[in-house]
2 protein chains.
Amino acid sequence: MSKQISANVVARLPKYYRCLKELCENGVARVSSKTISEALNLTASQVRQDLSNFGGFGQQGYGYDTEYLMNRIRDILGLTKSHTAIIVGGGRIGQALANYNGFANENIEVLAIFDIKTEHIKNVSNITVHNMSELPQYLKNNKVDIAIISVQKEQAQAVAKKVIENGIKAIWNFAPIDLNFGKGIVCENINMSESLMRLIFNSKNVLN
Amino acid sequence: MSKQISANVVARLPKYYRCLKELCENGVARVSSKTISEALNLTASQVRQDLSNFGGFGQQGYGYDTEYLMNRIRDILGLTKSHTAIIVGGGRIGQALANYNGFANENIEVLAIFDIKTEHIKNVSNITVHNMSELPQYLKNNKVDIAIISVQKEQAQAVAKKVIENGIKAIWNFAPIDLNFGKGIVCENINMSESLMRLIFNSKNVLN
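Calculation rules
Residues numbered from 1 in each chain as written. Chains lettered and ligands numbered in written order. Predicted model: local features only at pLDDT ≥ 70, side-chain atom pairs only at ≥ 80, totals over all residues. Heavy atoms only, no water. Phe/Tyr/Trp six-rings, centres within 6.5 Å; stacked < 30°, edge-to-face > 60°. Helix = DSSP H or I, 4+ residues; strand = E, 2+ residues; numbered from the N terminus. Buried < 20%, exposed > 50% of the residue type's maximum accessible area, 1.4 Å probe, protein only. Contact = heavy atoms within 4.5 Å. Buried area = accessible area lost by both parts, 1.4 Å probe. Salt bridge = Lys/Arg side-chain N within 4 Å of Asp/Glu carboxyl O. Polar contact = N/O pair within 3.5 Å; in protein donor to acceptor, adjacent residues only side chain to side chain. Nonpolar A, V, L, I, M, F, W, Y, C, P; charged D, E, K, R; others polar. Pairing = 2+ DSSP bridges. Axes fitted to C-alpha atoms, helices over the stretch in contact; angles between N-to-C directions.

Re the packing of aromatic side chains
Residue and element names in this part refer to chain A. The full count for this structure, using the stated rule, is eight aromatic pairs over all chains. Between phenylalanine 103 and tryptophan 172 the ring centres are 6.0 Å apart and the planes differ by 85°, which places this aromatic pair in the edge-to-face class. Linking phenylalanine 103 in the loop between α5 (92–98) and β4 (108–115) with tryptophan 172 in strand β7 (residues 170–173), this pair joins segments that are 69 residues apart in sequence. We classify tryptophan 172 as buried; its relative accessible area is 0%. Ring centres of phenylalanine 114 and tyrosine 138 lie 5.2 Å apart, and the angle between their planes is 75°; on these two criteria the pair is classed as edge-to-face. In this pair, phenylalanine 114 sits in strand β4 while tyrosine 138 sits in helix α6 (residues 135–141), placing the two residues 24 residues apart along the sequence.

What follows is the structure, given as C-alpha coordinates:
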(Lines give C-alpha, C1' and ligand atoms only; values in the text may rest on other atoms or scores of the structure.)
Protein backbone atom coordinates (compact mmCIF):
# COMPACT_ATOMS: atom_id res chain seq x y z
CA MET A 1 0.00 0.00 0.00
CA SER A 2 2.25 2.77 -1.14
CA LYS A 3 -0.75 4.77 -2.34
CA GLN A 4 -2.33 6.98 0.32
CA ILE A 5 -5.98 6.13 1.01
CA SER A 6 -8.23 9.03 2.04
CA ALA A 7 -9.78 9.13 5.51
CA ASN A 8 -13.25 8.81 4.00
CA VAL A 9 -12.31 5.61 2.21
CA VAL A 10 -10.66 4.28 5.38
CA ALA A 11 -13.88 4.96 7.28
CA ARG A 12 -15.78 2.83 4.75
CA LEU A 13 -13.25 -0.05 4.62
CA PRO A 14 -14.70 -1.86 7.68
CA LYS A 15 -18.15 -1.68 6.08
CA TYR A 16 -16.86 -3.28 2.86
CA TYR A 17 -15.08 -5.92 4.90
CA ARG A 18 -18.19 -6.77 6.92
CA CYS A 19 -20.36 -6.88 3.79
CA LEU A 20 -17.92 -9.12 1.89
CA LYS A 21 -17.44 -11.41 4.88
CA GLU A 22 -21.18 -11.97 5.13
CA LEU A 23 -21.38 -12.70 1.41
CA CYS A 24 -18.55 -15.24 1.73
CA GLU A 25 -20.23 -16.87 4.73
CA ASN A 26 -23.37 -17.19 2.63
CA GLY A 27 -21.42 -18.84 -0.21
CA VAL A 28 -21.70 -15.93 -2.66
CA ALA A 29 -18.65 -16.27 -4.93
CA ARG A 30 -19.10 -13.11 -6.99
CA VAL A 31 -20.79 -9.81 -6.26
CA SER A 32 -21.65 -6.70 -8.26
CA SER A 33 -20.91 -3.14 -7.18
CA LYS A 34 -24.69 -2.60 -7.30
CA THR A 35 -25.32 -5.30 -4.66
CA ILE A 36 -22.58 -3.93 -2.40
CA SER A 37 -23.82 -0.37 -2.84
CA GLU A 38 -27.38 -1.32 -1.90
CA ALA A 39 -26.22 -3.15 1.22
CA LEU A 40 -24.15 -0.16 2.37
CA ASN A 41 -26.38 2.71 1.21
CA LEU A 42 -23.74 4.00 -1.22
CA THR A 43 -23.87 4.59 -4.96
CA ALA A 44 -22.49 1.87 -7.24
CA SER A 45 -19.99 4.33 -8.74
CA GLN A 46 -18.75 5.23 -5.25
CA VAL A 47 -18.20 1.54 -4.53
CA ARG A 48 -16.30 1.01 -7.80
CA GLN A 49 -14.14 4.07 -7.10
CA ASP A 50 -13.40 2.99 -3.50
CA LEU A 51 -12.55 -0.59 -4.42
CA SER A 52 -10.27 0.51 -7.26
CA ASN A 53 -8.08 2.09 -4.54
CA PHE A 54 -6.88 -1.32 -3.47
CA GLY A 55 -6.85 -3.29 -6.65
CA GLY A 56 -10.46 -4.38 -6.66
CA PHE A 57 -11.48 -4.33 -10.30
CA GLY A 58 -14.83 -5.93 -11.04
CA GLN A 59 -15.54 -7.29 -14.48
CA GLN A 60 -18.48 -5.85 -16.39
CA GLY A 61 -21.49 -8.15 -15.97
CA TYR A 62 -19.42 -10.50 -13.83
CA GLY A 63 -18.60 -8.51 -10.71
CA TYR A 64 -15.96 -8.94 -8.01
CA ASP A 65 -14.46 -12.14 -6.63
CA THR A 66 -15.95 -11.95 -3.11
CA GLU A 67 -13.32 -13.98 -1.27
CA TYR A 68 -10.35 -12.36 -3.00
CA LEU A 69 -11.67 -8.89 -2.24
CA MET A 70 -12.52 -9.77 1.38
CA ASN A 71 -9.02 -11.14 1.98
CA ARG A 72 -7.48 -8.13 0.27
CA ILE A 73 -9.40 -5.71 2.52
CA ARG A 74 -8.67 -7.79 5.63
CA ASP A 75 -5.00 -7.57 4.76
CA ILE A 76 -5.18 -3.80 4.12
CA LEU A 77 -7.01 -3.27 7.41
CA GLY A 78 -4.22 -5.16 9.19
CA LEU A 79 -6.55 -7.83 10.57
CA THR A 80 -4.38 -10.73 9.38
CA LYS A 81 -1.84 -9.73 12.05
CA SER A 82 -2.72 -10.55 15.67
CA HIS A 83 -2.69 -7.82 18.31
CA THR A 84 -2.80 -7.70 22.09
CA ALA A 85 -4.72 -5.30 24.31
CA ILE A 86 -5.30 -4.36 27.92
CA ILE A 87 -8.32 -2.63 29.46
CA VAL A 88 -7.69 0.23 31.87
CA GLY A 89 -10.76 0.92 33.99
CA GLY A 90 -12.82 -1.94 35.42
CA GLY A 91 -16.20 -0.22 35.81
CA ARG A 92 -19.33 -1.33 33.98
CA ILE A 93 -18.06 -0.45 30.53
CA GLY A 94 -14.65 -1.98 31.21
CA GLN A 95 -16.20 -5.21 32.42
CA ALA A 96 -18.59 -5.32 29.46
CA LEU A 97 -15.60 -4.85 27.17
CA ALA A 98 -13.70 -7.64 28.95
CA ASN A 99 -16.54 -9.91 27.87
CA TYR A 100 -17.07 -8.38 24.42
CA ASN A 101 -16.84 -11.20 21.90
CA GLY A 102 -15.91 -8.98 18.94
CA PHE A 103 -12.18 -8.90 19.72
CA ALA A 104 -11.56 -12.41 18.37
CA ASN A 105 -13.10 -11.40 15.01
CA GLU A 106 -10.52 -8.64 14.76
CA ASN A 107 -7.68 -10.99 15.81
CA ILE A 108 -7.20 -9.11 19.10
CA GLU A 109 -6.37 -10.86 22.38
CA VAL A 110 -7.31 -8.98 25.55
CA LEU A 111 -4.73 -9.91 28.17
CA ALA A 112 -5.60 -8.04 31.34
CA ILE A 113 -7.80 -5.44 33.04
CA PHE A 114 -6.55 -2.74 35.45
CA ASP A 115 -8.34 -0.68 38.08
CA ILE A 116 -7.54 1.16 41.29
CA LYS A 117 -10.08 -1.11 43.04
CA THR A 118 -9.72 -4.63 41.70
CA GLU A 119 -12.22 -6.09 44.19
CA HIS A 120 -15.10 -4.55 42.20
CA ILE A 121 -14.13 -6.43 39.07
CA LYS A 122 -16.21 -9.57 38.73
CA ASN A 123 -17.48 -11.64 35.85
CA VAL A 124 -14.43 -11.20 33.65
CA SER A 125 -13.20 -14.48 32.25
CA ASN A 126 -9.89 -15.54 30.73
CA ILE A 127 -8.05 -12.31 31.51
CA THR A 128 -6.05 -11.32 34.55
CA VAL A 129 -7.11 -8.55 36.96
CA HIS A 130 -4.46 -6.12 38.20
CA ASN A 131 -4.18 -3.08 40.38
CA MET A 132 -3.41 0.14 38.51
CA SER A 133 -0.08 0.38 40.35
CA GLU A 134 1.14 -2.68 38.43
CA LEU A 135 0.45 -1.07 35.03
CA PRO A 136 3.94 0.30 34.19
CA GLN A 137 5.69 -2.96 35.12
CA TYR A 138 3.10 -4.99 33.23
CA LEU A 139 3.66 -2.96 30.08
CA LYS A 140 7.43 -3.46 30.42
CA ASN A 141 7.08 -7.22 30.80
CA ASN A 142 4.40 -7.86 28.16
CA LYS A 143 3.98 -6.97 24.51
CA VAL A 144 0.80 -4.88 24.48
CA ASP A 145 -0.33 -3.17 21.28
CA ILE A 146 -3.55 -1.45 22.33
CA ALA A 147 -4.71 0.23 25.55
CA ILE A 148 -8.48 0.38 25.94
CA ILE A 149 -9.34 3.29 28.23
CA SER A 150 -12.63 2.97 30.10
CA VAL A 151 -11.98 5.10 33.18
CA GLN A 152 -13.96 8.21 34.20
CA LYS A 153 -13.30 11.28 32.06
CA GLU A 154 -11.41 12.98 34.92
CA GLN A 155 -8.81 10.18 34.95
CA ALA A 156 -8.64 9.50 31.20
CA GLN A 157 -5.93 12.00 30.25
CA ALA A 158 -3.64 10.84 33.09
CA VAL A 159 -4.18 7.20 32.12
CA ALA A 160 -3.41 7.99 28.47
CA LYS A 161 -0.20 9.75 29.52
CA LYS A 162 0.85 6.79 31.66
CA VAL A 163 0.28 4.11 29.01
CA ILE A 164 2.02 6.22 26.36
CA GLU A 165 5.01 6.74 28.66
CA ASN A 166 5.18 2.98 28.91
CA GLY A 167 5.24 2.36 25.18
CA ILE A 168 1.58 2.18 24.09
CA LYS A 169 0.96 3.69 20.64
CA ALA A 170 -2.66 2.76 19.98
CA ILE A 171 -5.59 3.78 22.20
CA TRP A 172 -9.26 2.82 22.05
CA ASN A 173 -10.93 5.46 24.19
CA PHE A 174 -14.35 5.11 25.81
CA ALA A 175 -14.00 8.10 28.16
CA PRO A 176 -16.16 11.05 27.02
CA ILE A 177 -13.22 13.35 26.40
CA ASP A 178 -10.87 14.17 23.52
CA LEU A 179 -7.45 12.98 24.63
CA ASN A 180 -4.32 14.94 23.78
CA PHE A 181 -1.05 13.33 22.81
CA GLY A 182 1.93 13.84 20.59
CA LYS A 183 2.63 12.50 17.14
CA GLY A 184 2.98 8.80 16.53
CA ILE A 185 -0.01 7.88 18.73
CA VAL A 186 -3.26 6.73 17.17
CA CYS A 187 -6.61 6.86 18.92
CA GLU A 188 -10.18 5.89 18.13
CA ASN A 189 -12.98 7.20 20.32
CA ILE A 190 -16.28 5.57 21.16
CA ASN A 191 -18.14 8.56 22.51
CA MET A 192 -21.54 7.31 23.59
CA SER A 193 -22.57 10.65 25.03
CA GLU A 194 -21.96 12.53 21.76
CA SER A 195 -23.77 9.84 19.79
CA LEU A 196 -26.79 10.13 22.10
CA MET A 197 -26.82 13.91 21.74
CA ARG A 198 -26.76 13.63 17.94
CA LEU A 199 -29.63 11.14 18.11
CA ILE A 200 -31.70 13.53 20.26
CA PHE A 201 -30.89 16.47 17.99
CA ASN A 202 -31.70 14.59 14.79
CA SER A 203 -34.93 13.24 16.25
CA LYS A 204 -36.29 16.67 17.20
CA ASN A 205 -38.43 16.78 14.08
CA VAL A 206 -39.77 13.22 14.33
CA LEU A 207 -40.53 13.00 18.06
CA ASN A 208 -43.53 14.69 19.65
CA MET B 1 -34.03 27.27 14.51
CA SER B 2 -35.41 27.92 11.07
CA LYS B 3 -31.90 27.96 9.61
CA GLN B 4 -30.58 24.56 8.51
CA ILE B 5 -27.39 23.52 10.30
CA SER B 6 -24.96 21.35 8.32
CA ALA B 7 -24.26 17.77 9.38
CA ASN B 8 -20.64 18.67 10.14
CA VAL B 9 -21.70 21.40 12.55
CA VAL B 10 -24.23 19.05 14.16
CA ALA B 11 -21.46 16.50 14.68
CA ARG B 12 -19.44 19.15 16.56
CA LEU B 13 -22.35 20.48 18.66
CA PRO B 14 -21.99 17.83 21.41
CA LYS B 15 -18.29 18.70 21.68
CA TYR B 16 -19.07 22.40 22.15
CA TYR B 17 -21.71 21.52 24.70
CA ARG B 18 -19.35 19.28 26.69
CA CYS B 19 -16.58 21.89 26.58
CA LEU B 20 -18.87 24.73 27.70
CA LYS B 21 -20.43 22.59 30.43
CA GLU B 22 -17.00 21.85 31.88
CA LEU B 23 -16.08 25.53 31.75
CA CYS B 24 -19.33 26.42 33.58
CA GLU B 25 -18.70 23.74 36.20
CA ASN B 26 -15.26 25.27 36.74
CA GLY B 27 -16.77 28.71 37.19
CA VAL B 28 -15.42 30.20 33.95
CA ALA B 29 -17.88 32.99 33.04
CA ARG B 30 -16.42 33.99 29.67
CA VAL B 31 -14.37 32.10 27.12
CA SER B 32 -12.55 32.99 23.93
CA SER B 33 -12.86 31.14 20.62
CA LYS B 34 -9.12 30.43 20.97
CA THR B 35 -9.61 28.56 24.27
CA ILE B 36 -12.51 26.54 22.87
CA SER B 37 -10.59 25.78 19.69
CA GLU B 38 -7.57 24.51 21.62
CA ALA B 39 -9.72 22.26 23.80
CA LEU B 40 -11.43 20.73 20.76
CA ASN B 41 -8.53 20.63 18.29
CA LEU B 42 -10.27 23.04 15.91
CA THR B 43 -9.17 26.40 14.53
CA ALA B 44 -10.45 29.54 16.25
CA SER B 45 -12.05 30.74 13.01
CA GLN B 46 -13.89 27.41 12.67
CA VAL B 47 -15.23 27.84 16.20
CA ARG B 48 -16.40 31.40 15.50
CA GLN B 49 -18.08 30.29 12.28
CA ASP B 50 -19.80 27.32 13.95
CA LEU B 51 -21.04 29.31 16.94
CA SER B 52 -22.37 32.10 14.73
CA ASN B 53 -24.81 29.49 13.33
CA PHE B 54 -26.82 29.62 16.53
CA GLY B 55 -26.47 33.17 17.67
CA GLY B 56 -23.20 32.81 19.53
CA PHE B 57 -21.39 36.07 18.87
CA GLY B 58 -18.30 36.60 20.97
CA GLN B 59 -17.09 40.11 21.63
CA GLN B 60 -13.59 40.99 20.51
CA GLY B 61 -11.21 40.73 23.47
CA TYR B 62 -14.08 39.71 25.70
CA GLY B 63 -15.21 36.35 24.37
CA TYR B 64 -18.44 34.40 24.79
CA ASP B 65 -20.76 34.22 27.78
CA THR B 66 -20.11 30.58 28.77
CA GLU B 67 -23.42 29.84 30.49
CA TYR B 68 -25.57 31.57 27.88
CA LEU B 69 -23.86 29.67 25.08
CA MET B 70 -24.04 26.34 26.95
CA ASN B 71 -27.78 26.78 27.56
CA ARG B 72 -28.30 27.83 23.95
CA ILE B 73 -26.57 24.71 22.64
CA ARG B 74 -28.36 22.47 25.15
CA ASP B 75 -31.62 23.87 23.87
CA ILE B 76 -30.63 23.42 20.22
CA LEU B 77 -29.53 19.84 20.90
CA GLY B 78 -32.94 19.16 22.44
CA LEU B 79 -31.52 18.17 25.83
CA THR B 80 -33.84 20.47 27.80
CA LYS B 81 -36.69 18.14 26.86
CA SER B 82 -36.83 14.81 28.69
CA HIS B 83 -36.99 11.56 26.70
CA THR B 84 -37.74 7.95 27.48
CA ALA B 85 -35.99 4.85 26.17
CA ILE B 86 -36.11 1.08 26.24
CA ILE B 87 -33.26 -1.39 25.67
CA VAL B 88 -33.92 -4.35 23.38
CA GLY B 89 -31.34 -7.07 23.93
CA GLY B 90 -30.23 -8.02 27.42
CA GLY B 91 -26.79 -9.44 26.68
CA ARG B 92 -23.57 -7.99 28.06
CA ILE B 93 -23.81 -4.75 26.12
CA GLY B 94 -27.50 -4.36 26.92
CA GLN B 95 -26.87 -4.89 30.62
CA ALA B 96 -23.94 -2.49 30.62
CA LEU B 97 -26.18 0.09 28.94
CA ALA B 98 -28.89 -0.50 31.54
CA ASN B 99 -26.32 0.63 34.11
CA TYR B 100 -24.75 3.40 31.98
CA ASN B 101 -24.89 6.60 34.00
CA GLY B 102 -24.70 8.92 31.00
CA PHE B 103 -28.43 8.84 30.25
CA ALA B 104 -29.33 11.19 33.09
CA ASN B 105 -26.90 13.80 31.73
CA GLU B 106 -28.83 13.75 28.47
CA ASN B 107 -32.21 13.89 30.29
CA ILE B 108 -33.10 10.37 29.16
CA GLU B 109 -34.94 7.89 31.36
CA VAL B 110 -34.47 4.22 30.53
CA LEU B 111 -37.71 2.46 31.42
CA ALA B 112 -37.27 -1.21 30.57
CA ILE B 113 -35.11 -3.92 29.03
CA PHE B 114 -36.37 -6.72 26.75
CA ASP B 115 -34.89 -10.08 25.81
CA ILE B 116 -36.08 -13.46 24.63
CA LYS B 117 -34.47 -14.97 27.75
CA THR B 118 -35.11 -12.67 30.70
CA GLU B 119 -33.56 -15.08 33.21
CA HIS B 120 -30.07 -14.12 31.99
CA ILE B 121 -30.60 -10.46 32.81
CA LYS B 122 -29.11 -9.66 36.17
CA ASN B 123 -27.60 -6.60 37.77
CA VAL B 124 -29.94 -4.10 36.15
CA SER B 125 -31.37 -1.67 38.64
CA ASN B 126 -34.39 0.65 38.53
CA ILE B 127 -35.74 -0.65 35.24
CA THR B 128 -38.18 -3.43 34.52
CA VAL B 129 -37.22 -6.65 32.70
CA HIS B 130 -39.60 -8.03 30.07
CA ASN B 131 -39.84 -10.87 27.64
CA MET B 132 -39.57 -9.84 24.00
CA SER B 133 -43.13 -11.07 23.42
CA GLU B 134 -44.40 -8.18 25.58
CA LEU B 135 -42.67 -5.53 23.44
CA PRO B 136 -45.57 -4.50 21.14
CA GLN B 137 -48.03 -4.19 24.02
CA TYR B 138 -45.48 -2.29 26.12
CA LEU B 139 -44.93 0.24 23.35
CA LYS B 140 -48.70 0.70 23.00
CA ASN B 141 -49.12 1.32 26.74
CA ASN B 142 -46.08 3.53 27.36
CA LYS B 143 -44.67 6.65 25.75
CA VAL B 144 -41.25 5.54 24.53
CA ASP B 145 -39.11 7.91 22.44
CA ILE B 146 -35.98 5.86 21.81
CA ALA B 147 -35.30 2.16 21.23
CA ILE B 148 -31.77 1.08 22.05
CA ILE B 149 -30.96 -2.03 20.04
CA SER B 150 -28.31 -4.30 21.53
CA VAL B 151 -29.25 -7.67 20.08
CA GLN B 152 -27.06 -9.85 17.84
CA LYS B 153 -26.64 -8.55 14.30
CA GLU B 154 -28.79 -11.39 12.91
CA GLN B 155 -31.79 -10.18 14.94
CA ALA B 156 -31.21 -6.42 14.69
CA GLN B 157 -33.13 -5.73 11.48
CA ALA B 158 -36.18 -7.69 12.69
CA VAL B 159 -36.08 -5.86 16.04
CA ALA B 160 -35.84 -2.50 14.27
CA LYS B 161 -38.84 -3.41 12.11
CA LYS B 162 -40.86 -4.43 15.15
CA VAL B 163 -40.17 -1.29 17.21
CA ILE B 164 -40.86 0.95 14.20
CA GLU B 165 -44.15 -0.85 13.54
CA ASN B 166 -45.05 -0.02 17.12
CA GLY B 167 -44.36 3.67 16.83
CA ILE B 168 -40.64 4.13 17.59
CA LYS B 169 -38.99 6.86 15.51
CA ALA B 170 -35.51 7.09 17.08
CA ILE B 171 -33.06 4.19 17.29
CA TRP B 172 -29.69 3.95 19.02
CA ASN B 173 -28.12 0.91 17.42
CA PHE B 174 -25.28 -1.14 18.93
CA ALA B 175 -25.63 -4.12 16.58
CA PRO B 176 -22.77 -4.25 14.02
CA ILE B 177 -25.04 -3.77 11.02
CA ASP B 178 -26.47 -0.86 9.04
CA LEU B 179 -30.20 -0.97 9.60
CA ASN B 180 -32.64 -0.14 6.84
CA PHE B 181 -35.85 1.81 7.38
CA GLY B 182 -38.09 4.29 5.69
CA LYS B 183 -38.20 8.04 5.98
CA GLY B 184 -39.02 9.70 9.29
CA ILE B 185 -36.86 7.34 11.35
CA VAL B 186 -33.58 8.56 12.82
CA CYS B 187 -30.76 6.27 13.87
CA GLU B 188 -27.34 6.64 15.46
CA ASN B 189 -24.94 3.73 15.36
CA ILE B 190 -22.28 2.77 17.86
CA ASN B 191 -20.27 0.34 15.80
CA MET B 192 -17.50 -0.95 18.03
CA SER B 193 -16.25 -3.43 15.44
CA GLU B 194 -15.76 -0.73 12.78
CA SER B 195 -14.03 1.54 15.29
CA LEU B 196 -11.62 -1.26 16.24
CA MET B 197 -10.85 -1.95 12.59
CA ARG B 198 -10.07 1.72 11.96
CA LEU B 199 -7.80 1.72 15.02
CA ILE B 200 -5.91 -1.32 13.74
CA PHE B 201 -5.63 0.16 10.25
CA ASN B 202 -4.45 3.55 11.48
CA SER B 203 -1.94 1.96 13.84
CA LYS B 204 -0.24 -0.11 11.13
CA ASN B 205 2.53 2.44 10.80
CA VAL B 206 3.13 2.93 14.53
CA LEU B 207 2.96 -0.68 15.76
CA ASN B 208 5.76 -3.18 15.18
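Moving on from the model shown.
Description of unusual backbone geometry
Residues and elements named next belong to chain A. Positive phi, normally seen in glycine, also occurs at asparagine 41, with a value near 60°. Residue position: asparagine 41 is located in the loop between α2 (33–40) and α3 (44–52). Of the residues examined, asparagine 41 reaches a relative accessible area of 55% and is grouped as exposed.

Describing the side chain of Arg12(B)
All names here are of chain B. Looking at the element boundaries, arginine 12 is found in helix α1 (residues 7–25). The class for arginine 12 is buried, based on a relative accessible area of 18%. Not counting chain neighbours up to four residues away, the residues in contact with arginine 12 comprise Leu42, Gln46 and Asp50.

Regarding the interface of chain A and chain B
Counting residues at the interface gives 61 residues for chain A and 61 residues for chain B. Interface area for chain A against chain B, summed over the two sides, is near 5900 Å², with a carbon-plus-sulfur share of 64%. Where Arg198(A) meets Glu188(B), a salt bridge forms, and the shortest distance between an N and an O atom there is 3.2 Å. For the interface between chain A and chain B, the tally reads 24 residue pairs in polar contact (both at pLDDT 80 or more). Those elements that place two or more of their residues in the side of chain A that touches chain B are α1 (7–25), α4 (66–77), α5, β7, β8 (186–189) and α8 (192–202) of chain A. It is α8(A) that contributes the most residues to the side of chain A that touches chain B, eleven residues altogether. Of the residues that constitute the side of chain A that touches chain B, the class distribution is 33 nonpolar, 13 polar and 15 charged.

Brief notes about the sheet that holds strand β5 (residues 128–131) of chain B
With respect to topology, six strands assemble into an open sheet ordered β5-β4-β3-β6-β7-β8 (chain B), the strand pairing being parallel. On the outer flanks of this sheet lie β5 and β8 (186–189) of chain B, each paired with one strand and no other. Each strand axis lies, on average, 25° off the axis of its neighbour in the sheet, ignoring direction. Note: strand β3 (residues 83–88) of chain B against strand β4 (residues 108–115) of chain B, six bridges, orientation parallel. The partner of Ile86(B) across the bridge, within β4(B), is Ala112(B). Across the sheet, α8(A) is in contact with β3, β4, β6 (146–149), β7 (170–173) and β8 of chain B; its angle to β8(B) comes to roughly 170°. Against the sheet, helix α7 (residues 153–165) of chain B engages β3, β6 and β7 of chain B, with an angle of about 170° to β6(B).

Description of the sheet that holds β7(A)
Strand pairing in a sheet is mediated by backbone hydrogen bonds. Such pairs are either parallel or antiparallel. The strand order across the open sheet built from six strands is β5-β4-β3-β6-β7-β8 (chain A), with neighbouring strands paired in parallel fashion. Across the chains shown, the open sheet's two edge strands, defined by having one partner strand only, are β5 (128–131) and β8 of chain A. Each strand of the sheet is rotated relative to its neighbour by a mean of 25°, with strand direction disregarded. The sheet contacts of helix α7 (residues 153–165) of chain A involve β3 (83–88), β6 (146–149) and β7 of chain A, and relative to β6(A) the element is tilted by about 170°. Helix α8 (residues 192–202) of chain B contacts β3, β4, β6, β7 and β8 of chain A of the sheet and is inclined by roughly 170° relative to β8(A).

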